[in-house]
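Per-entry structural report
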Amino acid sequence: MPDQQNALLLAQLTTIAEGLSATFAPFCEVVVHDLQNPEHSILAIYNNLSGREVGEPTTELGLARIASPEFPSLLTNYANQLADGRPVKSTSIGLKDAEGNYVAALCLNVDMTLFRGMQSALAQFTQIATRDITEQLEPAGTEALRQRIEQFAARLATTPRALKAADRKTLMQELRTSGLLEVKRSMEVIAQQLGVSRASVYLYAKE
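A short tour of the structure in this document, coming up. (Residues numbered from 1 in each chain as written. Predicted model: local features only at pLDDT ≥ 70, side-chain atom pairs only at ≥ 80, totals over all residues. Heavy atoms only, no water.)

**Focus: the overall build of the protein chain**
Tallying secondary structure elements over the protein chain gives seven helices and five strands in all. Helices and strands appear in the protein chain in the N-to-C order α-β-β-α-β-β-β-α-α-α-α-α. In terms of overall size, the protein chain is more extended than a compact globule, its C-alpha atoms giving a radius of gyration of 27 Å where 207 residues would be expected to give roughly 17 Å. When the backbone C-alpha atoms are referred to their principal axes, the protein chain occupies close to 75 × 45 × 30 Å. Each of the 207 residues in the protein chain was classed as buried or not, and the buried ones make up 31%. Restricting to contacts in the protein chain with at least 6 residues of sequence separation, those with at least 24 account for 46%. Summed over its atoms, the accessible surface of the protein chain is roughly 13000 Å², and 54% of this surface lies on carbon and sulfur atoms. Computing the positive centroid from 19 side-chain charges and the negative centroid from 23, the protein chain places the two 17 Å apart. (Helix = DSSP H or I, 4+ residues; strand = E, 2+ residues; numbered from the N terminus. Rg over C-alpha atoms; globule rule 2.2 N^0.38 Å. Buried < 20%, exposed > 50% of the residue type's maximum accessible area, 1.4 Å probe, protein only. Contact = heavy atoms within 4.5 Å. Areas by Shrake-Rupley, 256 points an atom, 1.4 Å probe, with all protein chains shown as cover. Lys, Arg positive; Asp, Glu negative; His and termini not counted. Charge placed at Lys NZ, Arg CZ, Asp CG, Glu CD.)

The following block contains the structure:
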């Protein structure tokens, strides 16, 4: 019976791995290890980034899990490296049988090369010159109005566009009390932040 249960676990784990690989393709390699057979532990490998094959042996982490049930079952987002030097972010999940022994592992390896390239490109794109120049492209007070709306939504653990009708009415009352409804184009700015029409904003303001 234990062998049948472990076989079912591995089959289900392989299905999960296939689903994860399809979701995060092509950046994430997903590997299923059968720790009952450490010399040929790789049972399935999807989005193959490491060049390994089904039937190859387990890694040092797999051997550590086999040696000790006390080894952590979850290791997340640790630095790793492919054979060609590409940086990888890895997560390793160990699964135990009913007796508390490790029998399988699910491993995810994310190739960070593209993401780091994107990060560098975005950093360059968003870089601001350090010249002492100030220019305001929108009416004074507009940013304060936006910030107040964001703060109000954050207090309710939501976003401005997800606010309920009753919350929007309360927001309008707070904005009126603070004088922010006097800001030029305030109704237009509020409508943009809430994702509603200006007519709706005027209605909330009247109630």
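**Remarks on the sheet that holds strand β5 (residues 102-111)**
Read from one edge of the open sheet, five strands run β2-β1-β5-β4-β3, paired in antiparallel fashion. Both edges of this open sheet fall to β2 (42-46) and β3 (74-81), since each of them pairs with a single strand only. Looking at each pair of strands side by side, their axes are set apart by 20° on average, direction ignored. With seven bridges joining them, strand β1 (residues 28-34) and β5 adopt antiparallel strand pairing. Pairing of Glu29 across the sheet is with Asn109, part of β5. (Pairing = 2+ DSSP bridges. Axes fitted to C-alpha atoms, helices over the stretch in contact; angles between N-to-C directions.)

**Digging into helix α4 (residues 142-155)**
If you check α4, its first and last C-alpha atoms are 20 Å apart, about what 14 residues at 1.5 Å a residue would give, namely 20 Å. If you check which residues of α4 are buried, you get Thr142, Leu145, Ile149, Phe152 and Ala153. For α4, the angular spread of the buried residues around the axis is 95°, confining them to a single face. For α4, exposure combined with an orientation more than 90 degrees from the buried face picks out Ala154 and Arg155. Buried residues along α4 sit against α5 (165-177) and α6 (186-194). (Expected span 1.5 Å × (residues − 1). Arc of directions from axis to C-beta.)

**Structural notes on the environment of Gly19**
Along the chain, Gly19 turns up in helix α1 (residues 2-24). Judged by its relative accessible area of 36%, Gly19 is partly exposed. For the pair Gly19 and Glu99, spaced 80 residues apart in sequence, the C-alpha separation works out to 28 Å.

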